[in-house]
Amino acid sequence: MGLRSWLKRRMGQGGPLIPVVRLHGVIAADQRPGRLNIEMAAPLLKRAFALKSAPAVAIVINSPGGSAVQSRLISKRIRDLADETGKKVLVFVEDAAASGGYFIATAGDEIIADPSSIVGSIGVIFAGFGFVEALKKVGVDRRVHTSGRNKSTMDPFLPEKAEDVARIKAMEADVHQVFIDWVKGRRGDRLKGGDDLLFTGEFWSGVKGLELGLVDGLGDMHEVLRTRYGDKLELVAIAPRRGLLAMPRLGFAALAGDIAAQVEDRATWSRLGL
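Described in the following lines is the structure provided in the data block.

So, how was this worked out
Residues numbered from 1 in each chain as written. Predicted model: local features only at pLDDT ≥ 70, side-chain atom pairs only at ≥ 80, totals over all residues. Heavy atoms only, no water. Salt bridge = Lys/Arg side-chain N within 4 Å of Asp/Glu carboxyl O. Helix = DSSP H or I, 4+ residues; strand = E, 2+ residues; numbered from the N terminus. Buried < 20%, exposed > 50% of the residue type's maximum accessible area, 1.4 Å probe, protein only. Expected span 1.5 Å × (residues − 1). Contact = heavy atoms within 4.5 Å. Polar contact = N/O pair within 3.5 Å; in protein donor to acceptor, adjacent residues only side chain to side chain. Pairing = 2+ DSSP bridges. Right-handed = clockwise from strand over helix to strand, strands pointing away.

Things to note about the pattern of salt bridges
With the rule as written, the count across this model stands at eleven salt bridges. With a closest N to O distance of 2.8 Å, Arg22 and Glu94 form a salt bridge. Of the two residues, Arg22 sits in strand E1 (residues 17-24) while Glu94 sits in strand E5 (residues 88-98), which places them 72 residues apart along the sequence. Residue classification places Arg22 among the partly exposed residues on the basis of a relative accessible area of 46%. Ionic pairing is found between Asp83 and Arg79, a salt bridge with its closest N-O pair at 3.6 Å. Of this pair, Asp83 and Arg79 both sit in helix H3 (residues 68-85), four residues apart, which is roughly one turn of the helix. By relative accessible area, which is 58% here, Asp83 ends up exposed. Sharing partners across several salt bridges, the network here consists of Arg79, Asp83 and Asp109.

Okay, structure coming up:
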């Protein structure tokens, strides 16, 4: 807050303050650049909800999804803080709130999306590669020894086994049900459509998402907040504090890891055409 805003507020001339938290990126537990996780999000959320005079907290979501665990942890932290402080949570979707991104979005009391946003993708995916034929072509044998008959499940250098696939699908079904239960619990009778439509992993535009009850309105953050709280509203950006931990990592291994993360993240965004 600038000096002028502080003086106006001291004289009772300022409008309400609304903290804004931006949650952007692929959801993953690691700390590489561009990742979204509970370790990154928790301090920002704590600071936002600690602003006592704020009538609400605005959260901007822009994520194609990722870790189911991290998605649930962030969502739960939002709801815990909202319940503790009694503040309303308004979620604004930018390019995408898909899969885990939508899981987080449903922590809001209201979800407002851009008409062209991508929302939904309520499903679970397990993806990998198979290199068995490539090994044959170069004349390499894969030798694996385990003390547990399922320890080599889905090894990309071994032939895929039906029992492995069945176990993976059963695990996916469990995680998918957690996602479904959360969305139903948060959205309730606002949802318009059966399970065979809403929970297939399909994603939609913000316009269709409104029709299906996945979001509550269409618009952008500034327009919506100024309509509700007046032109004197002041937005307070809650950004990460820069320090030693924010220093760029050095060395070839770190650089290679960051490049790998960027490729992986690009692939995740590309599934949505973004």
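Let us keep going from here.
Quick notes on helix H2 (residues 38-49)
With twelve residues, H2 extends 16 Å between its outermost C-alpha atoms, agreeing within 8% with the 16 Å of an ideal straight helix rising 1.5 Å per residue. Residues Ile38, Ala41, Ala42, Leu44, Leu45, Ala48 and Phe49 constitute the buried set of H2. At its buried positions, H2 is contacted by E1, strand E3 (35-36), strand E4 (56-63), H3, E5 and strand E10 (234-238). One side-chain oxygen of the residue at the start of H2 lies 3.3 Å from the amide nitrogen of Glu39, identifying that residue as Asn37.

Re the pairing of E5
Here E5 lies mainly inside the structure; eight of its eleven residues are buried. Looking at chain direction, E4 and E5 are connected through seven bridges and run parallel. Its bridge partner lying in E5, Ser63 is registered against Ala97. For the segment spanning E4, H3 and E5, crossover handedness is right-handed. Once you follow E5 into helix H4 (residues 100-105) and on to strand E6 (residues 110-113), the crossover reads as right-handed. Bridge analysis of E5 against strand E7 (residues 118-120) gives three bridges, and the strand direction is parallel. Looking at the pairing, Ala98 lines up with Gly120 of E7.

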